[in-house]
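Below, each chain spelled out in residue letters.
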Amino acid sequence: MRRILAGLAAALALTGASVAAPVDTGHVEAELVAAASGVTPGGSVRIALRQKIDEGWHTYWRNPGDSGEATRLALTLPGGWSASPFTWPTPKRLPVGPLVNYGYEGEVLLPMTLTAPAAAKVGETVSLRGKADFLVCEEICIPESADLSLDVPVVAGPAPADRRWGPAIATALAAAPKPARLTAAYQPAGATLTLAVAGAPLQGTDGAGAYFFPATPGMLDHAAVQAIERGPQGLTLTLTPGDDFKAAAAPPALEGVLSVGGRAYEIAAAAGPAPAGARGLGPPPRAAAAGGLGLPLALAFAVLGGLVLNLMPCVFPILAMKAASLVGHGREARAARLQGLAFGAGVLATFVLLAGVLIALKAAGAAVGWGFQLQSPPVVAGLALLMLAVALNLSGVFEIGASLQDAGSGLAARGGAAGAFFTGALAVVVATPCTAPFMAPALGWALVQPPAASLAVFLALGAGFAAPFVALAFAPGLLARLPKPGPWMDAFRKALAFPMYAAAAWLVWVLAQQAGPDGLARVLGAGVVLAAAAWLYGAAQRRLLAGGRPAAPATGSALFAVLALAAALWPGYAAPPLAGTAPASAKVPFEPYSAERLAALRAEGRPVFVNFTAAWCVSCQVNERVALSGAKVAQALGANNVAYLKADWTRKDAVIAAELARHGRAGVPLYLVYRPGAAEPQILPNILTEGAVVRALEASRS
């Protein structure tokens, strides 16, 4: 009989912790659950607050974000018993209009550790009592509470796991953020700060979707975009400080949870330099936007893009120079072939140089893309002066590599391989403001790949760009059809100066957009000084031909040229003040782009058209005038309630660069149409027509 009674007592003890019926608070079903059927004296058992939240509603994490309140549980425990704080699961981002909160939807378990005193008596049952308070929100927020209970038996030996809640709590604990072998540091960087994290757990991760949840409210702007840069051993996030961070001294540590690659890590970043390996590979690839390109397809797209790039408007001035060069050697097959090969070598060498600079800047953590050099006012000013110097040379103000007597007999006797090489290099430089069809996905793919793959794509782009001119140089039948050299070529040469003057004028306009009236005055003054230097140099050449001594004019020309370059290239161009909105007189009104404004408009359920553009992007400016400035587009925007945002990348902007990378692009233009309820935007072609834009806007409401 005693054995039977003992067996019954043991069986009763092993039936597990007694769970009271769940409490329905209105929008949450709450209860206390245990992972095991009991606890030993001096031992511990995992318990959890379970919340089953109504569909469409949510509760909050320990840092609720821009609004809300974290869940709280006040337990009443017998003497000697203790319970740990919650082990918080990784939260979700919960955008609400312009705000972003952190919390949970559906079912969530908040585990704790319950510890019994060593003096606990085997066979007794401890009744836990607690009050849970939580804010549950949909479009409105309601504070709710529940009085909960849980009976936990004290057993002599290890208690078996609860069949339902043991695995569920174990899964929640396994997925919860936890410390790892990671080194983290943060650094203020002007209006932003960088958070760099590196270590073995992050090695090889692509960083896509990485997000940092700060542990303390007010330290960061929760709604701001967190731009991501990969590194071989980790990643770097660009964050926006919150009001509390700005108001106080920099904290000794920035604590929170880093979510990346389906895992989450507790980190505490000290103020200081970034750990090695946290950056250098650029933004994470975006498979959907990149179209799943592999190296063969990327190379094919690059070759096609290079071919089409010859037809883009930014290359027209250089096409004229190439035409002049071929005409000069049209009757000399060997010289024409040498010209073609030299031109191709200049193109490929310049593409390799551009690729090398891009790769190096990416490795240093810079957010750059195609046309990056034109984001620098000194570079734009220097290119404007270069175009002016080429135009003055073509106009006959001075000569390079030939005497004045040679100039009268046309271009056949001047230039040579060096001139063709320079022409190829110059063609690449002035082609960078344009993005041709097929180029965008190829470059977007290349800039998130290892250096060898990136270099291969740039070489393919250069091969496509140089191919037409090189092929023409090796086509005897076409060369035979070219007109014979003669005196007419001097007039043709001087006519070619005007496209170069136009290119210089356009670059001056770009500089005015970047640096305002002061920058415009600076480059115009430098242009006058450079023109004087060219005139003095030409005068020295003419005196030399006349048998005179050109030392003084030549020295003066060199001095003037140095002064012009110093005025143009010296840093310190100030950015003009940014306009808050489009002028009231604009045919198509727009707002400046920001991730926060885009999120707010999408939360309102409005369609949104986003135009990523730049003043130096010729393709962008052509699209602006041909397809985006007409009355039909303005009417379509208004009739369909479409918000128009313009992201101006004329000067460097890490946020815009990161957004371009997210859509598989390395440069502008990029046109996105966001439809209400759609997860991803529609990407419009690089070359627009008014009809295509109107159709996309009309379809955005469906």
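Everything quoted here is computed from the prediction, not taken from an experiment.

1. Here we look at the overall build of the protein chain
Scanning the protein chain from terminus to terminus reveals 21 helices and 24 strands. For the protein chain, with 702 residues in total, the buried portion stands at 49%.

2. Remarks on the environment of Thr115
Counting through the fold element by element, Thr115 comes out in strand β10 (residues 107-115). A C-alpha to C-alpha distance of 6.3 Å links Thr115 and Ala83, two positions 32 residues apart in sequence.

3. Focus: a negative patch on the surface
Together, Asp66, Asp221, Asp243 and Asp244 make up a region of like negative charge exposed at the surface. Along the chain, the position of Asp221 falls in the loop between β15 (211-214) and β16 (227-230).

4. A look at the sheet that holds strand β22 (residues 643-648)
The pairing of strands in a sheet happens through backbone hydrogen bonds and is either parallel or antiparallel. With mixed pairing, five strands are arranged side by side in an open sheet as β20-β22-β21-β23-β24. The strands lining the two open edges of the sheet, one partner per strand, are β20 (591-592) and β24 (682-683). By the bridge criterion, five bridges tie strand β21 (residues 608-613) to strand β23 (residues 670-674) in an arrangement that is antiparallel. Opposite Asn611, over in β23, you have Tyr671 as the bridge partner. On top of the sheet, helix α18 (residues 618-626) reaches β21, β22 and β23; it is set at about 140° to β21, its chief contact.

5. As for the side chain of Thr71
By the secondary structure assignment, Thr71 is in the loop between β5 (59-65) and β6 (72-76). Look at Thr71 and you get buried, because its relative accessible area is 4%. Ignoring sequence-local partners within four residues, the contact set of Thr71 consists of Leu49, Gln51, Thr59, Tyr60, Phe86, Trp88, Leu110, Asp133 and Phe134.

6. Observations regarding helix α8 (residues 377-394)
Along an α-helix, residues three or four positions apart point the same way, because every turn accommodates 3.6 residues. The end-to-end C-alpha distance of α8 is 26 Å, a good match for the 26 Å that 18 residues give at a rise of 1.5 Å each. Most of α8 sits inside the fold, with 15 of its 18 residues counted as buried. Looking one or two residues past α8, Gly396 carries a phi angle of roughly 90°, positive in sign.

7. Let's talk about the packing of aromatic side chains
A complete count under the given rule lists 13 aromatic pairs for this structure. Here Phe86 and Trp88 contribute two aromatic rings whose centre-to-centre distance is 5.3 Å and whose plane-to-plane angle is 80°, an arrangement assigned as edge-to-face. With a relative accessible area of 15%, Trp88 lands in the buried category. Judged by centre distance (5.2 Å) and plane angle (35°), the rings of Phe609 and Tyr644 are tilted. Here Phe609 is found in strand β21, whereas its partner Tyr644 is found in strand β22, with 35 residues between them in sequence. Phe609 sits in the buried class, given a relative accessible area of 1%.

8. Brief notes about the packing of helix α5 (residues 295-309) against helix α12 (residues 451-473)
Helix packing geometry: the angle between the two helix axes and the distance between the axes. α12 packs onto α5 with a crossing angle of 35° between their chain directions and a minimal axis gap of 7 Å. Classified by chirality, the crossing of α12 by α5 is right-handed. Here Leu295, Ala298, Leu299, Ala302, Val303, Gly305, Gly306, Leu307 and Leu309 of α5 lie close against α12, whose contacting residues are Ala453, Ala456, Val457, Ala460, Leu461, Gly464, Phe465, Ala467 and Pro468. Its residues assigned to classes, the contact of α5 with α12 comprises 15 nonpolar, three polar and no charged.

9. Structural notes on the sheet that holds strand β14 (residues 192-199)
Pairing within the open sheet is mixed, and its seven strands lie in the order β15-β18-β19-β13-β14-β17-β16. The sheet terminates laterally at β15 and β16, the two strands that pair on one side only. The mean angle between the axes of side-by-side strands here comes to 30°, regardless of whether they run parallel or antiparallel. As judged from the eight bridges shared by strand β13 (residues 182-189) and β14, these two strands associate in the antiparallel manner. Within the sheet, the bridge partner assigned to Leu182 lies in β14 and is Gly199.

10. A look at the environment of Ala36
By the secondary structure assignment, Ala36 is in the loop between β3 (28-34) and β4 (44-53). A relative accessible area of 14% places Ala36 in the buried class. On a C-alpha basis, the gap between Ala36 and Ile169 in space is 9.9 Å, while along the polypeptide they are 133 residues apart.

Calculation criteria
- Residues numbered from 1 in each chain as written.
- Predicted model: local features only at pLDDT ≥ 70, side-chain atom pairs only at ≥ 80, totals over all residues.
- Heavy atoms only, no water.
- Helix = DSSP H or I, 4+ residues; strand = E, 2+ residues; numbered from the N terminus.
- Buried < 20%, exposed > 50% of the residue type's maximum accessible area, 1.4 Å probe, protein only.
- Patch = residues over 30% accessible without salt bridge, like charges linked within 9 Å, V, L, I, M, F, W, Y side chains within 5 Å.
- Areas by Shrake-Rupley, 256 points an atom, 1.4 Å probe, with all protein chains shown as cover.
- Salt bridge = Lys/Arg side-chain N within 4 Å of Asp/Glu carboxyl O.
- Lys, Arg positive; Asp, Glu negative; His and termini not counted.
- Charge placed at Lys NZ, Arg CZ, Asp CG, Glu CD.
- Pairing = 2+ DSSP bridges.
- Contact = heavy atoms within 4.5 Å.
- Axes fitted to C-alpha atoms, helices over the stretch in contact; angles between N-to-C directions.
- Expected span 1.5 Å × (residues − 1).
- Phe/Tyr/Trp six-rings, centres within 6.5 Å; stacked < 30°, edge-to-face > 60°.
- Left-handed = near helix turned anticlockwise from the far one by under 90°.
- Nonpolar A, V, L, I, M, F, W, Y, C, P; charged D, E, K, R; others polar.

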